[in-house]
Amino acid sequence: MTGPQHPRRPATLASLAAELGVSRTTVSNAYNRPDQLSAPLRERVLEAARRLGYPGPDPVARSLRTRRAGAVGLLLTEALSYAFRDPGATGFLEGLALACEKAGTGLLLIPVSPEHSDVDSVYQAGVDGFVVYSVSEDDPHFRAVLQRPVPTVVCDQPTGITGVDRVGVDDRAGTLALGRHLVELGHRRVGVLCMRLSSHRHDGRADVARQEGSSYAVQRERLAGLRAALAEAGVDWADVPVIERFEHSLDAGADGAATLLDSHPGITALVCTSDILALGALREARDRGLRVPEDLSVAGFDGVPEAERVGLTTVRQPFREKGLEAGRLLLERGDRHVPEHVTLPTELIVGATTRELRQSGEFFSGW
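Given the structure is predicted, the values throughout are model-derived calculations rather than measurements.

1. Section: the nonpolar core
For step 1, the next point in the chain: Within the largest apolar cluster, 43 residues are counted, with the highest numbers of intra-cluster contacts made by Leu74, Phe92, Val131, Tyr133 and Leu270.
For step 2, the next point in the chain: It is helix H13 (residues 275-287) that provides the largest number of residues to this core, a total of six residues.
For step 3, the next point in the chain: Beyond its immediate chain neighbours, meaning those up to four positions away, Leu74 contacts Phe92, Leu93, Leu96, Leu107, Leu108, Leu109, Ile110, Val131 and Tyr133.
For step 4, the next point in the chain: One finds Cys194, Ala206, Val235 and Val271 within the second-largest nonpolar core, a separate group that totals 20 residues.

Structure follows, in structure tokens:
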């Protein structure tokens, strides 16, 4: 009767080197610095590793030795599913992923909630640098990122951070062009539906003080562009109803549009600071029996694929290119120590959801 069978211990770098009669450095180079070995010698090492069950150098030990994690951290102050559900986020993620592929590095998603301040995931992330995707100026996770001794690139917001690279678009110029388009069509009774203005949940009216005090620079700038365009036509911004929605979804757009249309049924144009909100507003208008653009003009901002499909008037921004640029700034920085700011172009897309105003009327005032 044979004795019990003991499983064979997995090979180690040392045992593989002894088996082949080469140095440990030679085995390590076969994985980490293949250019240091001849092709036949490297193949001999790898074949022996497969035969003996050697899995390769321990990545944790390697990162400790090289002081490199081999990954970029993408900070999202949203649920993880947002990165794969929101069309703007997915476009940006695609561009960043392509930049990481080109550099041969990994990508670690770090999703956190804007309503919670647990920063452990930031402190514990094993990354060589961070890309921060559109967070508020007072976000604690962003402050935690800045405390890490690694390079950081901000996409969109916050703005004006010393010593940090940034890529974004001129949001104010984008909505200025959109607002002027509506003014040229004759619209003066305009309502606005905007994304969240702070990290504290609020769904409802956003007065001028709340708009100007927003911790989200992108929304602040988009509202400022609309304000400037309407001011050129003599419209007092204090008379323009602005409704805020904390969530960024079709349902939030529909609900916000319902609130706006119920409280101000006389508006002739509804401007949303994102296409997602605008698509929800289109749904609400349809459910109410309103014809777009005959009864109500609707416009958005972003230029996402679904907006293009339905012919939404919008301001298109290059999400994929923003991701590529963020990756370039982080992964190709070399010895550069001066922060770089990249502003990508936007484009006004006049679609089928806005038209010239056919009726005249007094602009409403107050709430």
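2. Observations regarding the pairing of strand S1 (residues 71-76)
Each regular strand shows side chains that alternate between the opposite faces of the sheet.
For step 1, the next point in the chain: Most of S1 sits out of view: six of its six residues are buried.
For step 2, the next point in the chain: In S1, alternate side chains face the same way, and those of Ala71, Gly73 and Leu75 on one face and Val72, Leu74 and Leu76 on the other are all buried.
For step 3, the next point in the chain: In this structure, S1 lies alongside strand S2 (residues 106-111), joined through six bridges in parallel fashion. Across the sheet, residue Gly73 finds its bridge partner in S2, namely Leu108.
For step 4, the next point in the chain: Here five bridges tie S1 to strand S3 (residues 129-133), and the two strands are oriented parallel to one another. Looking at S3, one finds that Gly73 is bridged to Phe130.

3. Comments concerning the environment of Leu76
For step 1, the next point in the chain: Looking at the secondary structure, you find Leu76 in strand S1.
For step 2, the next point in the chain: Between the C-alpha atom of Leu76 and that of Val131, which follows or precedes it by 55 residues, the distance is 9.0 Å.
For step 3, the next point in the chain: Filtering out sequence-adjacent residues up to four positions away, Leu76 remains in contact with Ala83, Ile110, Pro111, Val112 and Tyr133.

Scoring rules and cut-offs
Residues numbered from 1 in each chain as written. Predicted model: local features only at pLDDT ≥ 70, side-chain atom pairs only at ≥ 80, totals over all residues. Heavy atoms only, no water. Core = buried A, V, L, I, M, F, W, Y, C linked by side-chain atoms within 4.5 Å. Buried < 20%, exposed > 50% of the residue type's maximum accessible area, 1.4 Å probe, protein only. Helix = DSSP H or I, 4+ residues; strand = E, 2+ residues; numbered from the N terminus. Contact = heavy atoms within 4.5 Å. Pairing = 2+ DSSP bridges.

Read these as geometric descriptors, not functional statements.
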